[in-house]
Amino acid sequence: MSQNFEADFVNTETWNLFKSRFKSETTEASYWSDINEFCRITGKPFDSVGQQDVSNYYQKMQEKVREGRISPLTLTKKFRELHSFAEFLIGQGEFKEKDTEDFFYPYLKNMVKEEKTARSVPVEDMDALFDAASEDIMAYTILTLMYRVGLTSTEIAGLNGEEDFMIYDDGIYVIPAQRREPCHIPEDAWAILKEYMEGREAHPSLFYNKRGGRLNTMYISRMMKKYCSRAGIRTYSSEAVRNSCAFNLFAYGATAGQTAAQMGRTELQIRRYKGISYRGNLRKKANDLVKMRIEKP
């Protein structure tokens, strides 16, 4: 297979015409990544795929969902993007088989029906998950950061230590890599995190494996699978746990702006500030709306 698989799999002129509809570079990057992932798995240019190729891809993605490596919502996103591109190519007459139909749409119809229940973890399952991880302080802390703070597994794996946190008069904040502004840490989550940090070994990363190395997203994915199994619940992804943070904020009356600020991505140097209230304290107010609290394990 050519090293320049993107150019081989997707016609450049057609792609440029398709992507011109997007206003966001993030949207463009998401489509480009998922389209080329599909083509790598099938081993074919996008305009040559058939019904069996889509079926095989769907089975592989379903396996990832069962393993907790991606969420059902992520699978829906992928198929929505693939359906959109296929529909565009059909309209442009670009498929090599001129009578080719959109083989993604039948799968997408079923996914959309399940989408509402795929976005988050039910409270009772989340409670069982925390209980199952109660004897593993690192896993418990990671779950807390996803569920109460809204950090992604990538952001959690990228944390280095105490220097990643800042203290203002109105609370504790963290700035994961790639975020522009701080993310508020509720008091219950900070209590758990602080207890973990006080007992952790000295390593370059905040969370580490048995060899002392930095965690990666696959480690966290396996952790989710392990404790979901131990809890006797279906396998949820870390994304589903994080999504629950946003759902909880909305459920308790946080505005779209407050929720977006808490869940958004930013990038700043970290400092410890005394005697200053962070100007974005809407994040704190949003978290304070949520009446649930996570107890220490």
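Residues numbered from 1 in each chain as written. Predicted model: local features only at pLDDT ≥ 70, side-chain atom pairs only at ≥ 80, totals over all residues. Heavy atoms only, no water.

**Student:** Help me out: how do you make sense of the overall build of the protein chain in this one?
**Tutor:** A tally of regular secondary structure across the protein chain gives 14 helices and 3 strands. In the protein chain, buried positions account for 50% of the 297 residues. In the protein chain, 70% of the contacts between residues at least 6 apart in sequence involve partners at least 24 apart. (Helix = DSSP H or I, 4+ residues; strand = E, 2+ residues; numbered from the N terminus. Buried < 20%, exposed > 50% of the residue type's maximum accessible area, 1.4 Å probe, protein only. Contact = heavy atoms within 4.5 Å.)

**Student:** Before we go on, may I ask you to explain helix 7 (residues 123-132) in this structure?
**Tutor:** An α-helical turn contains 3.6 residues, so any two residues separated by three or four positions project in the same direction. Among the residues of helix 7, those classed as buried are Asp125, Met126, Leu129, Phe130 and Ala132. Considered in projection along helix 7, the buried side chains sweep an arc of 160 degrees and stay on one side of the axis. For helix 7, exposure combined with an orientation more than 90 degrees from the buried face picks out Val123, Glu124, Asp127 and Asp131. (Arc of directions from axis to C-beta.)

**Student:** Would you take a moment to explain the packing of aromatic side chains for this structure?
**Tutor:** Each aromatic ring pair is described using two quantities: the centre-to-centre distance and the angle formed by the ring planes. The full count for this structure, using the stated rule, is 21 aromatic pairs. Aromatic side chains phenylalanine 18 and phenylalanine 85 sit 4.9 Å apart centroid to centroid with 65 degrees between the ring planes, which places their arrangement in the edge-to-face category. In this pair, phenylalanine 18 sits in helix 2 (residues 12-19) while phenylalanine 85 sits in helix 5 (residues 72-92), placing the two residues 67 residues apart along the sequence. In terms of burial, phenylalanine 18 and phenylalanine 85 fall into one category: buried. Ring plane angle 15 degrees and centroid distance 5.9 Å describe the contact between phenylalanine 46 and phenylalanine 104, whose orientation is recorded as stacked. Pair noted here: phenylalanine 46 is in the loop between helix 3 (25-42) and helix 4 (51-66) and phenylalanine 104 is in the loop between helix 5 and helix 6 (105-118), with a separation of 58 residues, a long-range link. Considered together, phenylalanine 46 and phenylalanine 104 belong to a single accessibility category, that of buried residues. (Phe/Tyr/Trp six-rings, centres within 6.5 Å; stacked < 30°, edge-to-face > 60°.)

**Student:** Any chance you could explain the layout of surface pockets here in plain terms?
**Tutor:** Reported here for the second largest pocket is a volume of approximately 380 Å³. Surrounding the second largest pocket, 12 residues form its lining, Ser30, Ser33, Asp34, Thr74 and Lys77 being those nearest its centre. Of all the elements in the fold, those that place two or more residues in the lining of the second largest pocket are helix 3 and helix 5. Residue contributions to the lining of the second largest pocket peak at 6 residues, all from helix 3. Looking at side-chain class alone, the lining of the second largest pocket contains 2 nonpolar, 4 polar and 6 charged residues. (1 Å grid on protein atoms, 1.4 Å probe; cavity = no way out; pocket = protein on both sides within 12 Å on 5 of 7 lines; lining within 4 Å. Points joined across faces, edges and corners; volume = space filled by probe spheres on them. Nonpolar A, V, L, I, M, F, W, Y, C, P; charged D, E, K, R; others polar.)

**Student:** Would you mind going over the environment of glutamate 124 with me for this structure?
**Tutor:** As for its placement among the helices and strands, glutamate 124 is situated in helix 7. For glutamate 124, a relative accessible area of 56% puts it in the exposed group. Each C-alpha atom of the pair glutamate 124 and isoleucine 233 lies 9.7 Å from the other, and the pair is 109 residues apart in sequence.

**Student:** Explain the state of the cysteines to me, please; I cannot follow it from the model alone.
**Tutor:** A covalent bond between the sulfur atoms of two cysteines is referred to as a disulfide. Under the counting rule described, the total for this entry stands at 0 disulfides. Note on cysteine 183: no disulfide assigned, nearest cysteine sulfur contributed by cysteine 245 at a separation of 7.3 Å. (Disulfide = S-S within 2.5 Å.)

**Student:** Would you mind going over the pairing of strand 1 (residues 165-168) with me for this structure?
**Tutor:** When a strand is regular, its side chains alternate between the sheet's two faces. Bridge count for strand 1 against strand 2 (residues 171-174) is 4 bridges, and the pairing is antiparallel. Its bridge partner being in strand 2, tyrosine 168 is matched across the sheet by glycine 171. (Pairing = 2+ DSSP bridges.)

**Student:** Quick question: what am I supposed to make of the pairing of strand 2 here?
**Tutor:** Of the two faces of strand 2, the one carrying Gly171 and Tyr173 and the one carrying Ile172 and Val174 are both buried. Turn length for the strand 1-strand 2 hairpin, with the two strands adjacent in sequence and antiparallel, is 2 residues. The pairing of strand 2 with strand 3 (residues 183-185) spans 3 bridges and is antiparallel. Across the sheet, residue isoleucine 172 finds its bridge partner in strand 3, namely isoleucine 185.

**Student:** Help me understand the pattern of salt bridges in this model?
**Tutor:** Close approach of charged atoms allows side chains of opposite charge to pair. Here the structure, examined in full by the defined rule, presents 9 salt bridges. Residues lysine 77 and glutamate 81 are paired through a salt bridge, measuring 3.6 Å at the closest nitrogen-oxygen approach. Of this pair, lysine 77 and glutamate 81 both sit in helix 5, 4 residues apart, which is roughly one turn of that helix. The exposure class of lysine 77 is partly exposed, given its relative accessible area of 31%. You can call glutamate 81 buried: its relative accessible area is 5%. Note that arginine 200 is salt-bridged to glutamate 162, the shortest N-O span being 4.0 Å. (Salt bridge = Lys/Arg side-chain N within 4 Å of Asp/Glu carboxyl O.)

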